[in-house]
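Below are the chains, spelled out letter by letter.
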Amino acid sequence: MKYIKLILCIVVFGCFTSCEDFVDVENYGGIPSDDLINSVENAQTALNGAYNGLYGEWLYFYGIYYYTCFATGELEFRATLEDVKPMVNFGYFDGSSAIYCYWKNLYSIISRSNDVCTKIYSLRNSGSLTQTENQELDKMIGECNFLRGFAYMSLTRSFGDKLPSHPQYDPNGLGVPIVDTLIVSRDQLMIPRNTLGECWNEIITNFETAYNRLPTSWQTTKLGAVTKGAAAGYLGQVYMYLEDYGKAKEWFVKAMECGNQTGGEYQLTKEYAWNFDFNHENNSESIFEVQFQTVNDDTKAGSYLWRRLGPDGVGGGFGIVNVAMDWVNKYNTGYEITQEVYDKNVSLPSNSETNIVLRELMKIYGTAIGIQVFSEEEFFNLYTGDWDALGNDINTVLRANGYRLNVKTEPGWGTVNSKYIQTFLNESRAADPRMYASFYVPGRDSISTNWAGTNIKPYPNSYYGFKKYIPYNAIENWATEGLPGFEGHNSINQRIFRLADLYLQYAEACYKTADMTNAKKYLNKVRRRAWGYPFDDASLAVTVSVDYPSSEDSGDFMDAIIKEREKELCLETHLWFDYLRWNKAEELFASRGFEPNKHHRLPIPLTERQLVGMNVLLQNSGY
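Residues numbered from 1 in each chain as written. Predicted model: local features only at pLDDT ≥ 70, side-chain atom pairs only at ≥ 80, totals over all residues. Heavy atoms only, no water.

Caption draft 1: Quick peek at the nonpolar core. Trp58, Tyr102, Phe146 and Trp576 are the most contacted members of the largest nonpolar core, which totals 160 residues. In terms of residue count, the dominant contributor to this core is helix H4 (residues 97-124) (13 residues). Leave out the neighbours within four places in its chain, and Trp58 touches Gly63, Ile64, Tyr66, Tyr67, Asp83, Val84, Met87, Ala98, Cys101, Tyr102 and Asn105. Grouped together as the second largest cluster of nonpolar side chains are 28 residues, Leu348, Val357, Leu358 and Met362 included. (Core = buried A, V, L, I, M, F, W, Y, C linked by side-chain atoms within 4.5 Å. Buried < 20%, exposed > 50% of the residue type's maximum accessible area, 1.4 Å probe, protein only. Helix = DSSP H or I, 4+ residues; strand = E, 2+ residues; numbered from the N terminus. Contact = heavy atoms within 4.5 Å.)

So, in structure tokens, the structure goes:
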């Protein structure tokens, strides 16, 4: 069930996906009027407006996926959109509209939270409400503080000079401006950047205040609102950045002890894919998720992932991005031609040139059924015959069926790069099961062009596509399906902090504090769920093949954590900040233009500096 009340704020405050509503104080629609918050009900409506800031265009509407996944190389850019180009291969500059929008989206959350919190305090202290009503307001104050902490954490790790784990970190270095009061005049925005130490202290204060005021769970009418467990979990993350692994462990344990938002225990869902669909929103694994809904053309609170991240031919996707093969290969455990794959291909009809080539080519691999290899070259070399002679034989079959194609002139013929060999590789790939919930796989996946899922056709692209939150029955035209909702928007909630994420960070903190028993336990829970093994505490007493250390583990425990986070959290916006925290960005991304003294943070937007004062709001070095 969704947090339905969230939708009410849109009518009151308008849609906040724009980047044009923060600096202009006089026209800022997010400030509740003085007489609006005069009851618990009105306070809730205003609070929803603060949550609505998460829908920002360069937050979870779609943009944060571009920023983080282009940085890590998880996604590759297939288009020419001018606003997106600077985010590709570290083309950051201070005039980028995308970076400016990201900055403003985050400060919008802070400004709205300040506004609402100030007015709730005023109502709380008015003496006009009952004790029970005041207790409800106290929880709302906790929610405001959580949202402030979340926004400041996002700003500090994106725009602050260095993370605390950086070898040259200085707590007196440049952080971001801290705005902690109700904004009533433009002069209040004309402030310099606070220090990094002040920013991290502000983040801790906000999350601690949230933890002390929030409940562990909500009634169904507020399902999806932040909880005590979420505040504790984010405090654990903060201390991971600060490299205080003992405190990180303490807060992660507190989060696990709080229980989930419905009053039960936090638990990993049975199926990994349940974290990205309609049917399992606000589930037992969800710690914090952005609540989306589509209602009608005038009232929308859906994301734009289907369009901006979706592959061609899936839900009206624009085909702007594809998953990089380097990331596909992280899931790879080898290749094996199964009997099913063999039978499928040798049974292809002669109704196209491609079918004939695939059919005849697969026949030469008949003796390789069931043989497992671990690289593309090994797979290709399962056939040791003459590719020139084989090409002649296939051409003969093509001519007999009326086709003029000369297969020997096809790009890559006789090499592993041939599109026909690549088709077999995709079909024969043995992979970590999480890949199939994360990517659309050529030659394997199917899609539906109708919501009922009855009009099935093969996934139409040769590239691996973004799949999380984009179901196989995503549709292009809502009206023809008789569905409510704004065209192109979808209402699948985005789970931006999951228990699996917490488990892996907790395992890392345990490793850093020499608690290997718990380190291995929580790593193994995540692995076991991925591979379909029981992951409850009792089952962990019996070792299974994927438990650490497994045959796939070639490095130390930290290497195992990194690889597990890459596969568990790919395309979820977290890994860029992981690599920065681990000081691995230069090692991994220098070949794509990463400059270690520049690109570990974004530039302060030029427009903001011109407004505040170029000598007041200082720029990060290198820009």
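Okay, back to it.
Caption draft 2: Layout of the packing of aromatic side chains. Summed over all chains, the structure comprises 50 aromatic pairs. Ring centres of Tyr65 and Phe466 lie 6.0 Å apart, and the angle between their planes is 85°; this geometry places the pair in the edge-to-face category. Residue Tyr65 is located in helix H3 (residues 63-72), and its partner Phe466 is located in strand S12 (residues 465-466); the two are separated by 401 residues in the primary sequence. A relative accessible area of 0% places Phe466 in the buried class. Sitting over the ring of Phe577, Arg157 keeps its end group 3.9 Å from the ring centre. The cationic tip of Lys254 hangs over the ring face of Trp251; the distance from NZ or CZ to the ring centre is 4.1 Å. (Phe/Tyr/Trp six-rings, centres within 6.5 Å; stacked < 30°, edge-to-face > 60°. Lys NZ or Arg CZ within 6 Å of the ring centre and 35° of its normal.)

Caption draft 3: Empty space enclosed by the protein, seen in detail. Under the definition given, this model contains 8 cavities of 30 Å³ or more. Roughly 170 Å³ of volume is contained in the largest cavity. Taken together, 17 residues make up the lining of the largest cavity; nearest its centre are Arg157, Gln237, Tyr241, Asp501 and His574. Elements supplying a minimum of two residues to the lining of the largest cavity: helix H5 (131-159), helix H7 (228-241), strand S13 (494-498), helix H17 (499-512) and helix H20 (575-581). Per element, the largest residue contribution to the lining of the largest cavity is 4 residues, and it comes from H7. Class assignment of the residues belonging to the lining of the largest cavity gives a composition of 8 nonpolar, 4 polar and 5 charged. Put simply, the second largest cavity is a space of about 80 Å³. (1 Å grid on protein atoms, 1.4 Å probe; cavity = no way out; pocket = protein on both sides within 12 Å on 5 of 7 lines; lining within 4 Å. Points joined across faces, edges and corners; volume = space filled by probe spheres on them. Nonpolar A, V, L, I, M, F, W, Y, C, P; charged D, E, K, R; others polar.)

Caption draft 4: Broad picture of the side chain of Arg528. Within the secondary structure layout, Arg528 lies in helix H18 (residues 516-531). Assessed through its relative accessible area of 1%, Arg528 is described here as buried. Polar contacts involving the side chain of Arg528 include one to the side chain of Asp547, which spans 2.8 Å. Setting aside its immediate chain neighbours within four residues, Arg528 contacts Tyr533, Pro534, Phe535, Ser539, Leu540, Val542, Thr543, Val544, Val546 and Asp547. (Polar contact = N/O pair within 3.5 Å; in protein donor to acceptor, adjacent residues only side chain to side chain.)

Caption draft 5: Local environment of the confidence of the model for the protein. Across the protein, pLDDT averages 90, with 92% of residues at or above 70. Ignoring residues within four places in sequence, the model shows residues 3-18, a span with pLDDT below 50, making 52 contacts including any to other chains. Between residues 20-31, whose pLDDT stays under 50, and residues either more than four places distant or in other chains, the model counts 35 contacts. (pLDDT = per-residue confidence, 0-100.)

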